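Observations on chain architecture
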Amino acid sequence: MTETSSSTGSIFRSIALAALLISLGNIASRVLGLIREPIIAAYFSRGLAVDAFTLAWTLPNALYELLISGAVSAALVPVFSEYAERDRTEFWYVVSTVVTLAFTMLTIASALLAWQAPLAITLLSRPAESALQAEAIALVGWLVPAVTLMGISGVVTAVLHAQRRFLLPAFVAAAFNAGMIVGIIVFAPYIGIKSLAAGTLLGACAQLAIQLPGLRDAQFRPRFDISHPAVRRILRLYAPVTLGIGFSLIGVTIDRWLASGFPAALSTMRFATTLIQFPLGLVASAVAFAVLPTLSRQSAIGDEAAFRSTLAMGLKIVLLLILPATTGLAALSLPITATLFERGAFSTEDTAITALALLYYLPGLPAAAIDQILLFAFYARKNTLTPNLIQGAAVLCYVAVAIPLAEWTSLGFLGLVLGNSAQWIGHAIITAWLLQRSLPLNGLRLGEATLKGLLASTLMTLAVSGIVAFGSSWSPLVQVVVAGSIGVVLYTLLAIALRLEAATFLANVIRMRLRRV
């Protein structure tokens, strides 16, 4: 019993340390993202130019999601992880084949996208929006070259994660954002909105280059061995993912088409989403990617008890961090939006509507965070079909909420934002229900963690709202710093007082790490 407890504790500590490492990279990425988007807002504000770039980027990003991103967690990491523990020569043989196939597919698909850009943009926007369409079509050709670089970078990330090398991949997104920032600042005065496309290409180059030192022991040779058992397994695991991504693309197409009919809707949703993505990437993505290799190994050896414990701890850590982030953003929505965006071409009116969009996104944030962990549990168990069928139901949730609210009420594009929140919530509920049927999580105190987290978050938010109201004459930056700092301290104290298991666990991990240093 002691050996089992020690082994479980060791696994949890390795996951926590990996999550903390990935969090550092996510912090860098999200901070740079919070620098990048205000720079875009300062140069171009909300309106046609940023709407066009957002519409144009939908196409290459969808191509990347379809061919690479969806396969990384669902197929590449689980299969690579198994081979990484066996024969290294065979491991690199599989990696070489996958890289060769990915490069070939990405190159061909990118060329087709560049050729058919006018048709694709027409499908993504309403017929009356000719000016938006013309601007977006012109940008697609600038963006397409980045797809292949991003795709190869995604495969390299899977290779490094499978070997539990988290440091370099953790900073991939940060490198991408840094490249975009450089591109915008350097080229915006000369080529306008095309500077975002130039920055995207620089970012794609940077995110691949930053990972290359991690491949110092690689044994790479171009290969087309699609008959290899590992490659066939990857394709079998990946096939259902294309179904889910297909549903997602349908949802994105509907969303973009609807949003194109409201002036500045795409850019407003983009800026508001930036604030949502900060805690989502910092918390959910870090924990999920740290947990996935361990869950994959535990599933492979059939250790169901360890799998349940690992998954439960991942969920508890996410709940511990995402609940206060959600309620805190609600309390600070206006001052934090003003602090980040209100400069240059971005006015007070722009701040108000962006902050309102942020509030409408927030109900779906906890669901989206929890959903990432639940999805990775399915992927670790080599079940990629179920999560991707769920995506179809989630798109129906979006349509059922977004279209009536956007088209038949005065909410306008804010109805689309509420539709996105409904989609995240619906997806999480269905995923949790289906996972519970095959992997009961009863007795792991998840309900207790949720209730205690909600209590602590609510008390913290009341305090933060009171401070913001009291300091209404302060500058937005002072409101964010003072109220935010007090909120963090108060939540930490409440988490300790309420004896939240994840808070105690993380504190112990950090304490042990500091002792080693």
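You'll find the structure just up there.
This one's a predicted model, so the numbers in the text were calculated from it and none came from an experiment.

1. Remarks on the overall build of the chain
The helix and strand tally for the chain stands at 20 helices and 0 strands. At 23 Å, the chain has a C-alpha radius of gyration in line with the 24 Å of a compact globule built from 517 residues. Reported as C-alpha extents along the three principal axes, the dimensions of the chain are approximately 60 × 60 × 45 Å. When burial is assessed residue by residue, the chain has 55% of its 517 residues classed as buried. Relative to all contacts within the chain whose residues are 6 or more apart in sequence, the contacts with residues 24 or more apart total 85%. With an accessible surface of roughly 21300 Å², the chain has 69% of that area assigned to carbon and sulfur atoms. Across the chain, 32 positive and 22 negative side-chain charges occur, with their mean positions spaced 9 Å apart.

2. A few points about the nonpolar core
Within the largest apolar cluster, 145 residues are counted, with the highest numbers of intra-cluster contacts made by Leu76, Phe80, Leu311, Phe413 and Leu416. Per-element accounting of this core gives the leading share, 20 residues, to helix H2 (residues 48-84). Contacts of Leu311, omitting those with residues within four sequence positions, involve Leu295, Ile373, Ala377, Leu435, Leu439 and Leu441.

3. Remarks on the side chain of Lys316
The residue Lys316 is located in helix H12 (residues 304-331) in this model. Leave out the neighbours within four places in its chain, and Lys316 touches Leu444, Arg445, Leu446, Ala449, Glu501 and Ala502.

4. With respect to the environment of Phe176
The residue Phe176 is located in helix H8 (residues 172-191) in this model. For the pair Phe176 and Val401, spaced 225 residues apart in the sequence, the C-alpha separation amounts to 34 Å. Leaving out residues up to four positions away in the same chain, Phe176 has contacts with Arg36, Met150, Thr200, Gly203, Ala204 and Gln207.

5. Some remarks on the pattern of salt bridges
On inspection of all chains with the given rule, the structure shows 7 salt bridges. Here Arg270 and Glu37 are joined by a salt bridge, their closest N and O atoms 2.9 Å apart. Highlighted residues: Arg270 in helix H11 (residues 265-300) and Glu37 in helix H1 (residues 2-44), separated in sequence by 233 residues. We classify Arg270 as buried; its relative accessible area is 15%. Among the residues examined, Glu37 registers a relative accessible area of 1% and is labelled buried. Residue Asp255 pairs with Arg256 through a salt bridge whose shortest N-O separation is 3.2 Å.

6. A closer look at helix H14 (residues 348-361)
Helix length check: H14, at 14 residues, gives a terminal C-alpha distance of 20 Å against a target of 20 Å (1.5 Å per residue), a fit within 8%. Of the positions making up H14, those classed as buried are Asp350, Thr351, Thr354, Ala355, Ala357, Leu358 and Tyr361. Down the axis of H14, the buried set is contained in an arc of 160°. They therefore lie on one face. Opposite the packed face of H14, turned more than 90 degrees from it, sit the exposed residues Thr348 and Glu349.

7. Things to note about a nonpolar patch on the surface
On the surface, Tyr43, Val182, Ile185, Val186, Phe187 and Leu202 cluster together to form a nonpolar patch covering roughly 500 Å² of accessible area. The element best represented in the nonpolar patch is H8, accounting for 4 residues. Given the relative accessible area of 41%, Tyr43 is considered partly exposed.

8. Points about helix H15 (residues 365-380)
If you check H15, its first and last C-alpha atoms are 23 Å apart, about what 16 residues at 1.5 Å a residue would give, namely 22 Å. The element H15 is largely enclosed, with a buried count of 15 among its 16 residues. Just beyond H15, the residue with positive phi is Lys382, at close to 60°.

9. So, the packing of aromatic side chains
In total, this model carries 8 aromatic pairs according to the counting rule given. Taking the centre distance of 6.0 Å and the plane angle of 40° together, the rings of Tyr43 and Phe44 count as tilted. Judged by centre distance (5.9 Å) and plane angle (25°), the ring pair of Tyr361 and Trp424 falls under stacked. With Tyr361 in helix H14 and Trp424 in helix H17 (residues 414-438), the pair connects residues that are 63 residues apart, well separated along the chain. Taking the relative accessible area as the measure of exposure, Tyr361 reaches 3% and is therefore buried. Through successive ring pairs, a cluster of aromatic residues spans Phe80, Phe91 and Trp92.

Rules behind the numbers
Residues numbered from 1 in each chain as written. Predicted model: local features only at pLDDT ≥ 70, side-chain atom pairs only at ≥ 80, totals over all residues. Heavy atoms only, no water. Helix = DSSP H or I, 4+ residues; strand = E, 2+ residues; numbered from the N terminus. Rg over C-alpha atoms; globule rule 2.2 N^0.38 Å. Buried < 20%, exposed > 50% of the residue type's maximum accessible area, 1.4 Å probe, protein only. Contact = heavy atoms within 4.5 Å. Areas by Shrake-Rupley, 256 points an atom, 1.4 Å probe, with all protein chains shown as cover. Lys, Arg positive; Asp, Glu negative; His and termini not counted. Charge placed at Lys NZ, Arg CZ, Asp CG, Glu CD. Core = buried A, V, L, I, M, F, W, Y, C linked by side-chain atoms within 4.5 Å. Salt bridge = Lys/Arg side-chain N within 4 Å of Asp/Glu carboxyl O. Expected span 1.5 Å × (residues − 1). Arc of directions from axis to C-beta. Patch = residues over 30% accessible without salt bridge, like charges linked within 9 Å, V, L, I, M, F, W, Y side chains within 5 Å. Phe/Tyr/Trp six-rings, centres within 6.5 Å; stacked < 30°, edge-to-face > 60°.

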